[in-house]
Structures are given as structure tokens and as C-alpha cells.
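# Fold and contact review
Now for the letters of each chain:
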Amino acid sequence: MKILKKLLLVSILIPLTYSLSFGQQPQQQLPPRGQQQNPALQRQRAPEDSTVRMTHFQTEIWDPEVPMVQPAEKIGDPPADAIILFDGKDINKEWEEVSRGGIRPATWIIKDGAMQSIQGSGSLKSKRVFNDFQLHIEWKTPSEITGSGQGRGNSGVYLQELYELQILDSWHNRTYRNGQAGAFYKQYAPLVNASLKPGEWQSYDIVYTAPRFGKDSTTYFTPPRATVFQNGILIQNNVSLRGPTTYVGIPEYLIKKHGAGSILLQQHGNPVAFRNIWIREL
Ligand code: MG
């Protein structure tokens, strides 16, 4: 009898010990093939407590699907979802001119598929307004050098009409570093001088994040930020702008709550030409 009892005890204990030592290992429940992307199924299979390991399915986000955009055949040309701000033909479709008397149709001229200011022109302002964007713009300073420093091929791209990315002929033309081509005027010098010779087409590719404002209308909640490539070279790396561009003074003192704004092309007395301008809202 004793032997029988021992045998009975052993036959109960062995499976019990086995289930205690191995049975608590979580059995990973993988969704069947073909159903792994179903978010409802992922929720069903979510762990009930932190002792259960995550599966990689729980960190995969499927929806909404990232939209496809057809890139341009040639890098620098507009991709399929870009807004064309200047295609070489019509200035007045997307731009108007800022003059002392107010807003008027553009007096800039089109020459060889590019637009440029003439004597007496004002700055050009886009009719559309923007917040966050990716902007491509091509520009050319006069091939014949006249003037020096800030007087040589001066223009500028104002983001939201307030923040100037300087355009200047900076090909062997010293000026203050925070005022040369590619500078956020009087705020950030470019990382390098990526300028081409005067008379050659150059490009800016700008990624801009507009400022956000809280209750305080004279302080940024988050400042405007910008990254810029000149001729494919990084010249501004996610810089935080201090405030609106000013020739003299403290940018921070000029901060005033604002919403979406235009792109403005500065008329600074030099015939700088522009072409192939497109923008993607972000
Ligand atoms: Mg300028």
C-alpha cells in the first residue's frame, strides 16, 4: 500500500511541478498570416499586464496610409503636390506688388522665363498666405558686378513677410557675416558660403515652421524655425528665429502675434531675377 501511495503522490507531483516551472511562460499568440495588419485584432491581443512581452505588431502603425507623391523628373522641379508660385509666364496670377501707395499689380518684367524688378518697382508679395511649408526658389544676381557689400545683388526671401533670408551676390564680396547670402538677416550667418558666381542660377530650399503663440501676444510659444539648403548645401540647420527681421534693433522686441503670411521677394534696388518658385504646405 505504501508503495502504491508513493507512486500516486509522484504521479500527481511531477505534472504539477512541470506546469509550475514551465506552464507560466507566456505563449506568444501571433496573429495568423494575412490578418496581422488588422488593428482590431491587435487590440484583442494586447497584453493585459506588463509581464507579458510586447509583440512587434503592437508597435506597427498602418493607418492612415502615407500618401504617395510623384517626385519631379529632375530634382528641383516641382513635385506633383506643389503649388506653383511662378512658372516663368505669369507674374500676376500668384503675386502682387507692394508699393508706397499700397498693393498694386506687378511692374516686374519677365525676361527669359524669369521675373525681375525694374527701376521703381516695389517688393513682390504672394497672394496666398502660408504657415508651415517647403519652398523652392531659384534666383540670379546680375552677371555684371556693380556696387559692393550690401549693394551687390541684394534682394531677399521674406518668410511670412517677416523673416528675411538674405539674397546677395556673396561671390568674393565681403560684408558682415550675418548679412551675406543665406543669412537670416542680422540673426544667423550661413554655415558656409555656398554662393555661385554672379549671373549663375542659384537655389534655396527652405523648410519653415511658423511660430506658435500662446496667450502672450508678444512672446513666441514656439519660435519660427527654418532649415535652408543653398545650391544643395545645408546653410541653416533648424535655426530658431529670434523675431522679425530688423535692420537696426532687437528682433525680440518686435514680436507680435501673427497668423499665416505671404512669401515676399524684396526689391532692394538691384535687378535680381527669380524663376521656378514652388511651395508645399506642410
Ligand atoms: Mg536683402
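Small disclaimer: the values here were computed from a predicted structure and weren't measured. (Residues numbered from 1 in each chain as written. Predicted model: local features only at pLDDT ≥ 70, side-chain atom pairs only at ≥ 80, totals over all residues.)

### Focus: the pairing of strand β7 (residues 133–140)
Definition in use: The pairing criterion for strands is at least two bridges between them, as found by DSSP. Helix and strand assignments follow DSSP, with helices taken as H or I runs no shorter than four residues and strands as E runs no shorter than two, numbered in order from the N terminus.
As judged from the seven bridges shared by β7 and strand β10 (residues 202–209), these two strands associate in the antiparallel manner. Across the sheet, the residue bridging to W139 is Q202, located in β10.

### A look at unusual backbone geometry
Keep this limit in mind: Labels follow a simple rule on C-beta atoms placed from the backbone: if 20 or more others lie within 10 Å of a residue's own, it is buried; if 12 or fewer, it is exposed; otherwise it is partly exposed.
Look at the link from D63 to P64: it is a cis peptide, with omega at -5°. By secondary structure assignment, the location of P64 is in the loop between α2 (39–44) and β1 (83–86). Phi is positive for H172, close to 50°, though the residue is something other than glycine. The class of H172 is exposed, set by 10 C-beta atoms lying within 10 Å.

### Digging into the environment of Q202
Going by this rule: By definition, residue pairs are in contact when their C-beta atoms, positioned from the backbone, come within 7 Å.
Following the sequence through the fold, Q202 ends up in strand β10. Sequence-wise, Q202 and E138 are 64 residues apart; in three dimensions their C-alpha atoms are separated by 5.5 Å. In this view, Q202 contacts E138, W139, K140, L196, Q230 and N231; residues no more than four positions away in its chain are not counted.

### Looking at the nonpolar core
Put simply, the rule reads: Among buried residues, those of type Ala, Val, Leu, Ile, Met, Phe, Trp, Tyr and Cys that are joined through C-beta atoms within 7 Å form a set called a nonpolar core.
V157, L159, F184, I263 and F274 are the most contacted members of the largest nonpolar core, which has 41 residues in total. Broken down by secondary-structure element, the contributors of at least two residues to this core are β1, β7, β8 (155–159), β9 (163–167), β10, β13 (225–230), β15 (264–265) and β16 (273–281). Sorting elements by how many residues they give to this core places β16 first, with five residues. Setting aside chain neighbours within four positions, we find V157 in contact with I137, L165, I167, Y204, I263 and L265.

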